[in-house]
Amino acid sequence: MRKKETDKLLETNKTPLKKYLGKYWHLYLMMLVPVIYFVIFKYAPMFGNILAFRRYRPGRSAWGTEWVGFLYFERFFKDPAFWSAFKNTLVLALLNLVINFPIPIIFAVLLNEINAVGYKKAIQTVSYMPRFVSTVVVIAIVGELLSPSSGIVNKFIKDVLGMEPIYFMNDPKYFRVIYILLDTWQFTGWTAIIYLAAITSIPQDMYEAAVIDGAGHFQQIWYVTIPSIMPTIMIMLIMNVGRLLSLGYEKVLLMYTPANSGVSDILDTLIYRTGLANQNYSYATAIGLFTGIIGVILVSSSNYLSKRLTGESIY
């Protein structure tokens, strides 16, 4: 008797789950695509980190031929090229974070203040279109604009200001400025979409209450808009801090020249040059694993501090 009651109870508990899966099965089916993508292209390659502790020889086992322990870690810790790339990465990443993190927030807030819908949509479209331009094309355009012989910028410097042309792409002191300005142009409008979505979800009652209390536009932004989108701001900040050492090698590699290598050689280009150009895969894997560990520490630390100071976190 008890067995029948237990079976009946189990069947009753399963019924809601079966109904739920039967109702939303298409959503779970759609979710399989990103899950498979992450498993194949994100999680499976993580097993390759074993090469940081094993010696890899081309033509032999993909998992290395022998254990070497922390040999490659000790090697790059003593390598001046690594510390130079580490310093360049840190300086460029911090400058980029300090300058380009608040700009999309300010842009989204200002865009939200525009009442003309058509004008607002036009600005939004123009601002996020650069995100879809290939990095190769962007660097090619910038190279032409800044060319010392035919670039429009140097023509202005020479013809109007009467100065000698400047080799912007070769001069180390202009590398970081160009990189950060390109990031501003490419990603401000795209990132602002996230903040704009958060702003539009703020209840209008809060603004009406602020107006009744005598708050002006700036006070509404400072006391209503910014606090309301603070969870989004903190999540984006944590994610940006986590990617601090992963600037991406494409743009830097395209802007890289022997003349500016003192400031343009970052960890990503060092890994690219060591692993693919010099075929020292185990050494490059060790540097990449170290960078990943630092990224995890940065995410965890920023998440902890954010939770303690503002109450907002990603986990």
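The structure presented is a predicted model; accordingly, all values stated were derived computationally and were not measured. Residue indices begin from 1 for each chain and proceed along its sequence in written order. Reporting in this predicted model follows two pLDDT cut-offs: at least 70 for local features of residues, and 80 or more for side-chain atom pairs to be given and counted; totals over whole chains, interfaces and linings ignore these cut-offs and use all residues. The basis for every side-chain value is the complete set of non-hydrogen atoms in the structure, without hydrogens or water.

1. Details of the packing of helix α4 (residues 102–112) against helix α8 (residues 172–200)
Lines are fitted to the C-alpha atoms to define the axes, a helix being fitted only along its stretch in contact, and any angle between axes, read from their N-to-C directions, falls within 0 to 180 degrees. Secondary structure elements follow DSSP: runs of H or I of four or more residues count as helices, runs of E of two or more count as strands, with numbering from the N terminus. Direction vectors running N to C along α4 and α8 enclose 55°, while the axes themselves pass 7 Å from each other. It follows that α4 is oblique to α8 by the angle criterion. The chirality of how α4 crosses α8 is right-handed. Counting all contacts with α4, which are made through I103, P104, I105, F107, A108, V109, L111 and N112, the residues of α8 involved are T184, T188, G189, T191, A192, Y195, L196, I199 and T200. Each residue receives one of three labels: charged for Asp, Glu, Lys and Arg, nonpolar for Ala, Val, Leu, Ile, Met, Phe, Trp, Tyr, Cys and Pro, and polar for the others, Gly being one of them. Residues that form the contact of α4 with α8 fall into these classes: 11 nonpolar, 6 polar and no charged. Here roughly perpendicular refers to angles of 65 to 115 degrees, roughly parallel to angles under 35, roughly antiparallel to angles over 145, and oblique to all remaining angles. Note: crossing handedness is left-handed where the near helix turns anticlockwise from the far helix by less than a right angle, and right-handed where it turns clockwise. Contact criterion: two residues are considered in contact whenever any of their non-hydrogen atoms come within 4.5 Å of each other.

2. Quick look at the packing of aromatic side chains
Pairs were defined over the aromatic rings of Phe, Tyr and Trp, the Trp ring being its six-membered one, requiring ring centres within 6.5 Å. Orientation was assigned from the angle between planes: stacked under 30 degrees, edge-to-face over 60, tilted for the rest. Applying the stated criterion across every chain, the model contains 24 aromatic pairs. Ring centres of Y128 and F132 lie 6.3 Å apart, and the angle between their planes is 75°; this geometry places the pair in the edge-to-face category. Between buried and exposed lies partly exposed: a residue is buried under 20% and exposed over 50% of the maximum accessible area for its type, with that area taken using a 1.4 Å probe on protein chains only. The exposure class assigned to Y128 is partly exposed, which follows from its relative accessible area of 24%. Through a chain of ring-to-ring contacts, the aromatic side chains of F53, F70, F73, F76, F77, F82, W83, F86, Y283 and F290 assemble into a single cluster. Note that R131 overlies the ring of W190, its terminal NZ or CZ placed 5.5 Å from the centroid. In this structure, K251 packs its charged tip against the face of Y179, placed 5.1 Å from the ring centre. Whether a charge sits over a ring comes down to the Lys NZ or Arg CZ being within 6 Å of the ring centre and within 35 degrees of the ring normal.

3. Details of the nonpolar core
Soluble globular proteins tend to bury their nonpolar side chains together. Put simply, a nonpolar core is a bunch of buried Ala, Val, Leu, Ile, Met, Phe, Trp, Tyr and Cys residues held in one set by side-chain atoms that sit within 4.5 Å of each other. Grouped together as the largest cluster of nonpolar side chains are 40 residues, with contacts concentrated most on I178 and M255. For this core, the element with the most residues is α8, which contributes 9 residues. If you look at the next biggest cluster of nonpolar residues, it comprises 16 residues, including V68, F73, F82 and Y283.

4. Notes on the side chain of T191
Take T191: it is sitting in helix α8. Here a polar contact is recorded for every N or O atom pair within 3.5 Å, except that within protein the pair must consist of a potential hydrogen donor and a potential acceptor, and residues adjacent in sequence are included only if both atoms are side-chain atoms. Within the local environment of T191, its side chain forms a polar contact with the backbone oxygen of F187, the two atoms lying 2.8 Å apart. Excluding residues within four positions of it along the chain, T191 makes contact with P104 and M236.

5. Comments concerning the environment of S302
By the secondary structure assignment, S302 is in helix α15 (residues 281–309). Classification of S302 as buried rests on a relative accessible area of 14%. Counting along the chain gives 62 residues from S302 to N240, while the straight-line C-alpha distance between them is 9.9 Å. With near-sequence residues (within four places) excluded, S302 lies in contact with I238 and V241.

6. A few points about unusual backbone geometry
Although it is not a glycine, Q279 sits at a positive phi angle of roughly 60°. Of note, Q279 is situated in the loop between α14 (267–277) and α15.

7. Notes on the pattern of salt bridges
Between Lys or Arg on one side and Asp or Glu on the other, a salt bridge is scored when a side-chain nitrogen of the former is within 4 Å of a carboxyl oxygen of the latter. Evaluated as defined, the whole model comprises 4 salt bridges. The closest approach of N and O atoms between E66 and R55, which form a salt bridge, is 3.3 Å. Highlighted residues: E66 in strand β2 (residues 66–67) and R55 in strand β1 (residues 54–55), separated in sequence by 11 residues. Overall, the relative accessible area of 34% leaves E66 in the partly exposed class.

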